[in-house]
Amino acid sequence: MFENYRFTAAERFLRYVQIDTQSDPLSKSSPSTEKQKDLSRILVEELKMIGVNDAHMDEWGYVYATIPSNTEKKVPVICFCAHVDTAPDCSGTGVQPVIHNNYQGQDIALPDDATQVLRMIDYPYLKTQIGNDIITASGKTLLGSDDKAGVAEIMDLANFLMTNKDVKHGGIKILFTPDEEVGRGTEKVDLKKLGANFAYTLDGGDAGSLEDETFSADAVQVIIHGVIAHPGYAKGKMINAMKIAGEILAALPKNRLSPESTEGKRGFMHPVRIDGIAEKCTIDFIIRDFDTKGLQKKEDYLRTQIEELMRLYTKASFEYKVTEQYRNMKEVLLLHPEVVDHAKEAIKRAGLKVKTESIRGGTDGSRLSFIGLPCPNLFAGEQAIHSKLEFISVQDMNKAVETMVHLVTVWHEKS
Ligand SMILES: [Zn+2]
């Protein structure tokens, strides 16, 4: 299917990463930074050049586009989604991509900073990349493969389908979102307008990997109300809310139920912020578990701990507020097993081994899944993300494109 096709993902990627699209967690506007639209505008233009005529960007910086069905068959409408922004953790200004052709396992020193060296011993995934062409940044910035790899691959998929009309498929929607890295990627998305039945984010790592499970997540806020008095005359009266907060934190389990003591399928409760004065002190926790019932257990446990501690301070009081953040997408995907099954079949047809993974975090897909668009995450090839050593291979990018082409074919076949 791909013998005569010249892939364009890498060539697009090298251009897209040079456009600064860093999002800003402190901004209240949408998108959080206007510069994200610089890339989105280019994507719209390029989609139109390929012949995807309805491509457009809305006021929030979301790009929507349709590749119309070319079959008589009734096939569910599939959306491919990627985010244009890059992480605030590491500079994304002035990215200079460097291609290291035909990688042979050597250390790769990045030209602009001699201390930045990509070594196989630190990144064992490089073992799978011998003979491939590796793209890195130059040492001063991140690369931005998270998620411009996904963006470039979806653009190449559009190019492939528009130039290979003999490949039959149902309606295909393209969605590029801003602000994924600051947790607001789905805030302004219009699912009705998008009109897709199922979606795939292209925002994963190793070739062949497929993520169909995320944490379920709640936030818990504990507000401690102490009793205030003049410190000179406080004997037997004052109850210092900050000291109670300290006791609550000290009473948390040391070797379990924390991010620093868990991995794999184990969840945790994690204080992320404390803010207070003697009179009143607030502790913000995030609670994580793959099982939504496990989330409840952890919340009950934490509340009981605090209640017991507060018995010593009858004049003080506390509030305990739970806010839902997102839910494990698996709960939704189990209702539509074909979404993951077809993806596995497509990965195999691309000649890769399927690696199903659980994400110890959330994705745009977990939110989309629960607002009506079941959405696992497919690999895009990105590695060492959010760092100056970020890398990706041209070959992995092309495999991601092949996988999407197979995926739309499988949907067509099995519908
Ligand atoms: Zn991402």
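We now turn to the structure provided with this report. (Residues numbered from 1 in each chain as written. Predicted model: local features only at pLDDT ≥ 70, side-chain atom pairs only at ≥ 80, totals over all residues. Heavy atoms only, no water.)

**Brief notes about the side chain of T409**
Relative to the assigned elements, T409 resides in helix α10 (residues 394-414). When residues no more than four places from it in sequence are discounted, the contact partners of T409 are V167 and K168. (Helix = DSSP H or I, 4+ residues; strand = E, 2+ residues; numbered from the N terminus. Contact = heavy atoms within 4.5 Å.)

**Some remarks on the nonpolar core**
F13, L47, F80, F176 and Y200 are the most contacted members of the largest nonpolar core, which has 80 residues in total. Tallying contributions element by element places helix α3 (residues 145-163) first for this core, with ten residues. The residues contacting F176, other than those within four sequence positions of it, are L43, L47, G61, Y62, V63, A82, V84, V151, I154 and M155. If you look at the next biggest cluster of nonpolar residues, it comprises 22 residues, including I224, I244, M310 and Y320. (Core = buried A, V, L, I, M, F, W, Y, C linked by side-chain atoms within 4.5 Å. Buried < 20%, exposed > 50% of the residue type's maximum accessible area, 1.4 Å probe, protein only.)

**Section: the packing of α3 against α10**
Where α3 meets α10, the axes come as close as 9 Å, and the angle between the chain directions of the two elements is 50 degrees. With respect to each other, α3 and α10 are oriented oblique. As for the relative orientation of α3 and α10, their crossing is right-handed in sense. Here α3 contributes A149, A152, E153, I154, D156, L157, F160 and L161 to the contact with α10, which in turn contributes M397, A400, V401, M404, V405 and V408. By residue class, the composition of the contact of α3 with α10 is twelve nonpolar, no polar and two charged. (Axes fitted to C-alpha atoms, helices over the stretch in contact; angles between N-to-C directions. Parallel < 35°, antiparallel > 145°, perpendicular 65-115°, else oblique. Left-handed = near helix turned anticlockwise from the far one by under 90°. Nonpolar A, V, L, I, M, F, W, Y, C, P; charged D, E, K, R; others polar.)

**Let's talk about unusual backbone geometry**
For residues besides glycine, phi is generally negative; the peptide bonds are generally trans as well. The peptide bond linking S30 to P31 adopts the cis configuration, its omega dihedral lying at -5 degrees. In this structure, P31 sits in the loop between α1 (9-16) and α2 (36-50). Residues D146 and D147 are joined by a peptide bond in cis, for which omega reads 15 degrees. The topology assignment puts D147 in helix α3. Of note, the phi angle at D179 is positive, near 65 degrees, even though the residue is not glycine. Non-glycine residue A384 carries a positive phi angle of around 50 degrees. Its place among the elements puts A384 in the loop between β16 (377-379) and β17 (391-393).

**With respect to the packing of aromatic side chains**
Each pair of aromatic rings is reported with the distance of its centres and the angle of its planes. The final tally for this structure, using the stated rule, is nine aromatic pairs. A ring pair is formed by Y5 and F7, whose centres lie 5.2 Å apart and whose planes are at 85 degrees; its orientation type is edge-to-face. Taking the centre distance of 5.4 Å and the plane angle of 20 degrees together, the rings of F198 and W411 count as stacked. Here the residue F198 occupies a position in strand β9 (residues 198-204), and W411 occupies one in helix α10, the gap between them amounting to 213 residues. The class for W411 is buried, based on a relative accessible area of 3%. By way of ring pairs, the aromatic residues F2, Y5, F7 and F160 are connected into one cluster. (Phe/Tyr/Trp six-rings, centres within 6.5 Å; stacked < 30°, edge-to-face > 60°.)

As far as function goes, none of this settles anything; it's purely spatial.
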